[in-house]
Amino acid sequence: MRIVSGTRPTGKLHIGHYVGILENWVNLQNKGHETFYFVADWHALTTGYDDTSKLYEYSREIIRTFLAVGLDPKKSVMYVQSAIKEHAELQLLFNMFTSVPRLERIPTYKDMKQQLEGKDLTNAGFLTYPVLQAADILIYKATAVPVGEDQLSHVEITREIARRFNFLYGEVFPEPESLLSTFPKLLGTDGRKMSKSYGNIINIDNNETDLKNSIMPMITDPARQRKTDAGNPEICPVWDYHRAFGINEEQRDWVFSGCTQAKIGCVQCKKLLLENMLKVFEPIWENLCEIDKNKGYIDDVIVEGNSKARKIASSTMEEVRNSMNLKF
């Protein structure tokens, strides 16, 4: 499969990104698929056009994290969206036959307007960002896109756009399939939705002391006021963290029986979680240190990835222009 996906540079990536996106991307890369992973800096402008002061810094930080978690520039193409101008040209052409009512029906359009009430989302870019996403995917002729359930509608409109283009102008684009990611939805450390605005996230770029300081005070099952109170792991945010960070069968039984039968306290449970999380993140922290020692490495990866992506995007756009009789 040829796989395309990206993430917006709005700050440092946190453990929710690792569990929900990055871990899956690394697995897809290591299975031998053609993988294209990009920094979606134009998408960041759809909700943050008024402050671009850290856009360059955050974009480099995204690539730094990509590399640290195991994405390999020899196996995956990593690039910055705005460096490949063909994305914008293809979006412009797709806009010509994509209706405004169709875009307004996309569930995430309504959801984000409600969630980001303090933001000015009346700009055309916010309305048409699913068309830009379609261009991001189709310009590389992706056959699959890894998504969570909330993004299925975006792949569906991408398939519709590909189908419509092929009907109007001839077969150019495949209709990509959704690769539904199945992962535990991690809540923030306070039991609410994980969000920078709540201050309840844990960044991937971290250290053992700060990780411990985040994990140990985590909200647990409210029924467990004392160690002797029985609890229910299924309603405890810590349990989802256990599931996400490599708990084995023996540990699973120990946590589940210990909690439901009040044999262990929440502190013991969190210490096990911390131990398993350190096994995941210590190698990543070491990678970050090595990347930081190698001055210029991030920029080299970006330049090489941009060049590879641009070559494919340019070839696709030549096909598109010929199909649409835009030959000047």
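Everything here concerns the structure above.
### Examining the overall build of the chain
Broken down by element type, the chain carries 14 helices and five strands. Taken over the C-alpha trace, the chain has a radius of gyration of 22 Å; the compact-globule value for 328 residues is 20 Å, and the two agree within 12%. Taking the contacts inside the chain whose residues are at least 6 apart along the sequence as the reference set, 78% of them involve residues at least 24 apart. Of the charged side chains in the chain, 40 are positive and 43 negative; the average position of the first set lies 1 Å away from that of the second.

### What about the pairing of strand 4 (residues 144-147)?
Residues of strand 4 alternate between two faces, with Ala 144 and Pro 146 on one and Val 145 and Val 147 on the opposite face, all of them buried. Two elements, strand 4 and strand 5 (residues 177-180), share four bridges in a ladder whose sense is parallel. Looking across to strand 5, one finds that Val 145 is bridged to Ser 178. After leaving strand 4, the chain enters helix 9 (residues 152-169) and then returns to the sheet as strand 5, a path that is right-handed.

### Let's talk about the side chain of Ser 195
Along the chain, the position of Ser 195 falls in the loop between strand 5 and helix 10 (208-215). Look at Ser 195 and you get buried, because its relative accessible area is 18%. In contact with Ser 195, not counting residues within four places along its chain, are Asn 200 and Ile 201.

### Observations regarding the packing of aromatic side chains
This model, assessed by the stated rule, comprises 17 aromatic pairs. An angle of 50° between the planes, with centres 6.4 Å apart, marks the rings of Phe 97 and Phe 165 as tilted. Of this pair, Phe 97 sits in the loop between helix 4 (86-95) and helix 5 (100-104) while Phe 165 sits in helix 9; the two residues are 68 residues apart in sequence, bridging distant segments of the chain. We note that Phe 97, like Phe 165, is buried. Each ring, one from Trp 239 and one from Phe 256, has its centre 5.6 Å from the other, and the planes form 65°; the classification is edge-to-face. On the criterion of sequence distance, the pair formed by Trp 239 in helix 11 (residues 237-244) and Phe 256 in helix 12 (residues 249-260) is long-range, its members being 17 residues apart. The ring of Tyr 198 carries Arg 192 above its face, with NZ or CZ at 4.0 Å from the centroid.

### Looking at the packing of helix 3 (residues 55-69) against helix 14 (residues 297-323)
Contact geometry of helix 3 with helix 14 gives a least axis separation of 10 Å together with a crossing angle of 90°. Between helix 3 and helix 14, the interaxial angle falls into the category roughly perpendicular. Of helix 14, the residues touching helix 3 (which contributes Tyr 56, Arg 60, Ile 63, Arg 64 and Leu 67) are Tyr 297, Ile 298, Asp 299, Val 301 and Ile 302. Partitioned by chemical class, the residues of the contact of helix 3 with helix 14 number seven nonpolar, no polar and three charged.

### A look at the pairing of strand 3 (residues 76-80)
Most of strand 3 is tucked away: five of the five residues are buried. Neither face of strand 3 is open: one carries Ser 76, Met 78 and Val 80, the other Val 77 and Tyr 79, and all of them are buried. In this sheet, strand 3 lies alongside strand 2 (residues 34-39) in parallel orientation, the contact comprising five bridges. Within the sheet, the bridge partner assigned to Tyr 37 lies in strand 3 and is Met 78.

### Things to note about the pattern of salt bridges
On inspection of all chains with the given rule, the structure shows 20 salt bridges. The salt bridge partner of Lys 293 is Glu 290, with a shortest N-O separation of 3.3 Å. Taken as a pair, Lys 293 and Glu 290 lie in helix 13 (residues 266-293) at a separation of three residues, close to a single helical turn. Look at Lys 293 and you get exposed, because its relative accessible area is 61%. The structure contains a network of salt bridges with shared partners spanning Lys 12, Glu 61, Arg 64, Asp 205 and Asp 292.

Cut-offs and rules
Residue indices begin from 1 for each chain and proceed along its sequence in written order. Local features in this predicted model are restricted to residues of pLDDT 70 or higher, and side-chain atom pairs are both shown and tallied only at a pLDDT of 80 or more, whereas totals for entire chains, interfaces and linings draw on every residue. Note that water and hydrogens are dropped before the side-chain values are worked out from all heavy atoms of the structure. A helix here means a DSSP run of H or I that spans at least four residues, while a strand means a run of E at least two residues long, and both kinds are numbered starting from the N terminus. Just to be clear, the radius of gyration here is over C-alpha atoms, and the globule rule we use is 2.2 Å times residues to the power 0.38. Whether two residues touch is decided by their heavy atoms; if any such pair falls within 4.5 Å, the residues are in contact. In this charge count, Lys and Arg are treated as positive and Asp and Glu as negative; neither His nor the chain ends contribute. For this purpose, a charge sits on NZ of Lys, CZ of Arg, CG of Asp or CD of Glu. Accessibility here uses a 1.4 Å probe with only protein chains present; expressed as a share of the type maximum, an area under 20% marks a residue as buried, one over 50% as exposed, and anything in between as partly exposed. Note: two strands are recorded as paired if DSSP finds a minimum of 2 bridges between them. Throughout, right-handed denotes a crossover for which the path from the first strand over the helix to the second runs clockwise when the strands point away from the viewer. For Phe, Tyr and Trp, rings pair up if their centres lie within 6.5 Å, where Trp contributes its six-membered ring, and each pair is then called stacked (planes under 30 degrees apart), edge-to-face (over 60) or tilted (otherwise). Criterion for a charge above a ring: Arg CZ or Lys NZ at most 6 Å from the ring centre, at most 35 degrees from the ring normal. Angular values range over 0 to 180 degrees, each being the angle between N-to-C directions of two axes fitted as lines to C-alpha atoms, with helices fitted over their stretch in contact. Each angle is binned into one of four classes, with values under 35 degrees roughly parallel, values over 145 roughly antiparallel, values of 65 to 115 roughly perpendicular, and all other values oblique. When residues are grouped by polarity, Ala, Val, Leu, Ile, Met, Phe, Trp, Tyr, Cys and Pro land in nonpolar, Asp, Glu, Lys and Arg in charged, and all others, Gly among them, in polar. For this analysis, a salt bridge means a side-chain nitrogen from Lys or Arg found within 4 Å of a carboxyl oxygen belonging to Asp or Glu.

Spatial relationships are all this shows, so hold off on functional conclusions.
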